[in-house]
Amino acid sequence: PQPAAASNTPPESEQYRIQSASVRTEAEAEAEWKRVADRNPDLLSRMTFSSQRFDAQNGSTYYRVQGGPLVDKILANLLCAQLTSRKVPCIVISP
């Protein structure tokens, strides 16, 4: 049998993501991702949505609206620059 080809793609836990918003509920996070992705399919159609819970020091809970994975920081920065030029807030999330 042939050995499996080695992948140059790092595991998802070691890849970058982008974040476009922070909202109060998981449902709002999903709705916000869908809204942004539907308006920017050329940039986001290959991204996978994820939400990350964040408990603020004041006791409030937020859900970060994120997409990814992106294999390197250069691609993540480029994607954020393109989204920002379309008036979509965006920050790069490091692995």
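To be clear, the structure that these remarks concern was listed above.
Residues numbered from 1 in each chain as written. Predicted model: local features only at pLDDT ≥ 70, side-chain atom pairs only at ≥ 80, totals over all residues. Heavy atoms only, no water.

**Q** With reference to specific residues and values, describe the overall build of the protein.
**A** A count of helices and strands for the protein gives three helices and four strands. Secondary structure elements in the protein, listed N-terminal to C-terminal, are β-α-α-β-β-α-β. For the protein, the computed accessible surface area is about 6,400 Å², with 51% contributed by carbon and sulfur atoms. (Helix = DSSP H or I, 4+ residues; strand = E, 2+ residues; numbered from the N terminus. Areas by Shrake-Rupley, 256 points an atom, 1.4 Å probe, with all protein chains shown as cover.)

**Q** If you had to explain the side chain of Thr61 to someone new, which residues and values would you point to?
**A** Among the structural elements, Thr61 can be located in strand 3 (residues 61-70). When near neighbours in sequence (up to four residues on either side) are disregarded, Thr61 contacts Val23, Arg24, Arg53, Phe54 and Asp55. (Contact = heavy atoms within 4.5 Å.)

**Q** Lay out a nonpolar patch on the surface with the relevant residues and their values.
**A** There is a patch of nonpolar side chains on the surface, built from Val71, Leu75 and Leu78 and spanning about 240 Å² of accessible area. Mapped onto the fold, Val71 is located in the loop between strand 3 and helix 3 (73-85). Its relative accessible area of 40% is what places Val71 among the partly exposed residues. (Patch = residues over 30% accessible without salt bridge, like charges linked within 9 Å, V, L, I, M, F, W, Y side chains within 5 Å. Salt bridge = Lys/Arg side-chain N within 4 Å of Asp/Glu carboxyl O. Buried < 20%, exposed > 50% of the residue type's maximum accessible area, 1.4 Å probe, protein only.)

**Q** Lay out the pairing of strand 2 (residues 48-55) with the relevant residues and their values.
**A** Pairing of strand 2 with strand 3 involves eight bridges; the strand directions are antiparallel. Residue Thr48 lies in a different strand from strand 3, and its bridge partner there is Gly68. The antiparallel pairing of strand 2 with strand 3 creates a hairpin that spans five residues between the two strands, and Gly59 there sits at a positive phi of about 95°. (Pairing = 2+ DSSP bridges.)

**Q** Outline the pattern of salt bridges, supporting the account with residue identities and numerical values.
**A** Pairing between side chains of opposite charge can happen when their charged atoms approach one another. According to the stated counting rule, one finds four salt bridges in the structure shown. Among the ionic pairs, Glu32 bridges to Arg35, the shortest N-O distance being 2.7 Å. Taken together, the residues span about one helical turn, with Glu32 and Arg35 both in helix 1 (residues 26-39) at a distance of three residues. In this structure, the salt-bridge partner of Arg53 is Asp55, at a minimum N-O distance of 3.1 Å.

**Q** An account of the nonpolar core is needed here, citing residue identities and associated values.
**A** Ranked by internal contacts, the top residues of the largest apolar core, which has 20 residues, are Ile18, Trp33, Leu44, Leu70, Leu79 and Leu83. When residues of this core are traced back to their parent elements, those giving at least two are strand 1 (16-23), helix 1, helix 2 (41-44), strand 3 and helix 3. Look past the residues within four positions of Leu79 in its chain and what remains in contact with it is Ile18, Leu43, Leu44, Met47 and Leu70. (Core = buried A, V, L, I, M, F, W, Y, C linked by side-chain atoms within 4.5 Å.)

**Q** Break down the packing of aromatic side chains for me, citing the residues and quoting the values.
**A** By the definition in use, this model includes one aromatic pair. For the pair Trp33 and Phe49, a centre-to-centre distance of 6.2 Å together with 40° between the ring planes defines the contact as tilted. Linking Trp33 in helix 1 with Phe49 in strand 2, this pair joins segments that are 16 residues apart in sequence. With relative accessibility at 8%, the residue Trp33 sits in the buried group. For Arg24, the ring lying beneath its charged end belongs to Tyr62, and the centroid distance is 4.8 Å. (Phe/Tyr/Trp six-rings, centres within 6.5 Å; stacked < 30°, edge-to-face > 60°. Lys NZ or Arg CZ within 6 Å of the ring centre and 35° of its normal.)

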